[in-house]
Amino acid sequence: ALVGLPGRNNEFQAPVFLAATRRPGLRDFLKREGLPLAVEERPGLAVFGAQPEVEALARSIDVSRGGFQGSPCYARLVEAQQSGAGTVFCTDLQQMGVTSEGVRYIMAEERRVNDRAEGRATIGFDGPRTGIAAWLAPPAPMGSLDYVSPNATFLMAFVVKSPAAIVEELLALEQRSTANADKALDDVQRQNGLDVRHDLGAALGGEFALAIDGPMFPTPSWKLIAEVYDPPRFETTIRKLVEIYSAESAKSGGKPLRTSQETVDGRVYYMIGAADPNPLTEAHYTFAEGYLIAGPSRAIVSQALQARAARTSIARSTRFVSLMPRDHYANFSAVIYQNLGSTLGPLIGMLGSLAPPSKGGANPLGNLANL
């Protein structure tokens, strides 16, 4: 296991290694190998690394109460190694003087499962979670993945406890403080009779997914899938927000947002865009099977619907399924997936076409794009 220790004034010191041992002799082995590492051995345990840090950790281990053996990191490290982890890293943020939304420690581990490397990261909290960390709900099925194709280069999906809390947090980030966000929401409700917090929170479900599912150029093929309990209420709230924004924009000499609605094959598609037509500033969306599906064009939205109807989504792809952890958990609170190869290739190829050829006539960037 790799352990990070705080130094003086909470400065980060060199990490040290903590290893379970079957018999003594690690000091002699490292010496024979010519590795200039300090070693402290205890029954069934060895600490090695830089001299000052090794001595500090060894003293902490020797403390009968408290010290490193009484820390949450130590308990997690022992648990991980006993369950077969090959490499483990743990950082006690509280000991380093870092306090962020109740996070106490961060641990990463790697193990071999069926001859394949599998990584896992764990975030531990000291008390109730707060802020963004408190959004996540217990693991649940993710139907939003059915609208993402196997060709997606990036995917982030999660389930949350309270959609209203996300509305408040995002507005707080935009307004730079919770107080400013509350004032903005109160002003909208007083002037326009629209309770954004309540209306959006009541209409939305707890599941969201964001994906890059197609070419990045010239228009990024993004997809947003959100669970919606009450589509008419959601659409009414969005329409009112557009009207409020356009009215405020007109007061300052700006242009209103563009909106449109069309029915294709019995399905209603909506569009919201900036005043001047531009595919980069448009969002098209529709509602299906309890979800809102949005993208930069109606074609992207239709592609998402087809992936679900044909049962060819990423959730059923061999590559995606093969990356799932080999444990007994079937559901998750959040999933992050990336496959940047299909995106970086065209980008490197484009850069390669702009780069001057080398003296030998070859274009190194162009060759890299073919790897």
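Report follows, based on the coordinates. (Residues numbered from 1 in each chain as written. Predicted model: local features only at pLDDT ≥ 70, side-chain atom pairs only at ≥ 80, totals over all residues. Heavy atoms only, no water.)

**Points about the pattern of salt bridges**
Inspection of every chain in the model, using the stated rule, returns 10 salt bridges. The partner of R42 in a salt bridge is E40, and the shortest N-O contact between them spans 3.3 Å. (Salt bridge = Lys/Arg side-chain N within 4 Å of Asp/Glu carboxyl O.)

**Focus on unusual backbone geometry**
In the segment running from F217 into P218, the intervening peptide bond is cis, with an omega of -5°. With respect to the element layout, P218 can be found in the loop between β9 (204-212) and β10 (222-228). One non-glycine residue, E289, lies in positive phi territory at about 50°. When you line up the elements, E289 lands in the loop between β13 (282-288) and β14 (291-295). Residue classification places E289 among the exposed residues on the basis of a relative accessible area of 59%. Within the chain, R311 stands out as a residue other than glycine whose phi angle is a positive 55°. Structurally, the position occupied by R311 is in the loop between α8 (298-309) and α9 (318-322). (Helix = DSSP H or I, 4+ residues; strand = E, 2+ residues; numbered from the N terminus. Buried < 20%, exposed > 50% of the residue type's maximum accessible area, 1.4 Å probe, protein only.)

**Regarding the nonpolar core**
In summary, soluble globular proteins display a tendency toward joint burial of nonpolar side chains. Within the largest apolar cluster, 26 residues are counted, with the highest numbers of intra-cluster contacts made by F208, F234, Y285, F287 and L292. For this core, the elements supplying multiple residues, two or more each, are α4 (163-175), α5 (178-192), α6 (196-203), β9, β10, α7 (231-251), β13 and β14. When near neighbours in sequence (up to four residues on either side) are disregarded, L292 contacts L224, I225, A226, V228, F234, Y285, T286 and F287. Grouped together as the second largest cluster of nonpolar side chains are 23 residues, A137, Y269, A288 and A304 included. (Core = buried A, V, L, I, M, F, W, Y, C linked by side-chain atoms within 4.5 Å. Contact = heavy atoms within 4.5 Å.)

**Comments concerning the side chain of T286**
Relative to the elements of secondary structure, T286 occurs in strand β13. A polar side-chain atom of T286 sits 2.6 Å from the main-chain carbonyl oxygen of V268. Here T286 is in contact with R267, V268, Y269, Y291, L292, I293, V301 and L305, once residues within four sequence places are set aside. (Polar contact = N/O pair within 3.5 Å; in protein donor to acceptor, adjacent residues only side chain to side chain.)

**Observations concerning the sheet that holds strand β12 (residues 267-273)**
What the 8 strands build is an open sheet, ordered β11-β12-β13-β14-β10-β9-β8-β15; its pairing is antiparallel. The two strands at the open ends of the sheet, each matched to only one other strand, are β11 (258-264) and β15 (334-338). For this sheet, the mean angle separating the axes of adjacent strands, direction not counted, is 15°. Inspection of the sheet shows strand β8 (residues 154-159) paired to β15 by 5 bridges, in the antiparallel sense. Within β15, the position partnered with A157 by the bridge is V335. The strands that α7 touches are β9, β10, β11, β12, β13 and β14; relative to β13, the one it contacts most, it runs at about 160°. (Pairing = 2+ DSSP bridges. Axes fitted to C-alpha atoms, helices over the stretch in contact; angles between N-to-C directions.)

**Concerning the pairing of β13**
For β13, the tally of buried residues reaches 6 of 7 residues, placing the bulk of the element in the interior. Summarising the sheet, β12 and β13 pair through 4 bridges and their orientation is antiparallel. What sits directly across from G273, in β13, is E282. Where β13 lies against β14, 5 bridges are found, and the strand directions are antiparallel. Bridged to T286 within β14 is I293.

**Some details on α7**
Helix length check: α7 (21 residues) gives 31 Å between terminal C-alpha atoms against 30 Å at 1.5 Å per residue, within 8%. The complete set of buried residues in α7 reads F234, E235, T237, I238, V242, I244, S246 and S249. At the C-terminal side of α7, G253 shows a positive phi close to 85°. (Expected span 1.5 Å × (residues − 1).)

**Overview of the packing of aromatic side chains**
The full count for this structure, using the stated rule, is 8 aromatic pairs. Note on F234 and F287: the rings are 6.0 Å apart at their centroids and 80° apart in plane angle, and the pair reads as edge-to-face. Linking F234 in helix α7 with F287 in strand β13, this pair joins segments that are 53 residues apart in sequence. Here F234 and F287 have matching classes, each one buried. Geometrically, the ring pair formed by F320 and Y337 is edge-to-face, given 5.4 Å between the ring centres and 70° between the ring planes. With a gap of 17 residues between them, F320 in helix α9 and Y337 in strand β15 connect regions that are remote in the sequence. Considered together, F320 and Y337 belong to a single accessibility category, that of buried residues. Against the face of Y269 rests R298, its NZ or CZ located 5.6 Å from the ring centre. (Phe/Tyr/Trp six-rings, centres within 6.5 Å; stacked < 30°, edge-to-face > 60°. Lys NZ or Arg CZ within 6 Å of the ring centre and 35° of its normal.)

**A look at the environment of D195**
Secondary-structure assignment places D195 in the loop between α5 and α6. Sequence separation of D195 and T237 is 42 residues, and the distance between their C-alpha atoms is 8.8 Å. In terms of polar contacts, D195 uses its side chain to reach the backbone amide nitrogen of H198, at 3.2 Å.

**Let's talk about the packing of α6 against α7**
One way to put it is that α6 packs onto α7 with a least axis distance of 8 Å and a crossing angle of 145°. For the pair α6 and α7, the crossing hand works out as left-handed. Packed against α6, whose contacting residues are V196, H198, D199, L200, A202 and A203, the element α7 presents R233, F234, T237, I238 and L241 at the interface. (Left-handed = near helix turned anticlockwise from the far one by under 90°.)

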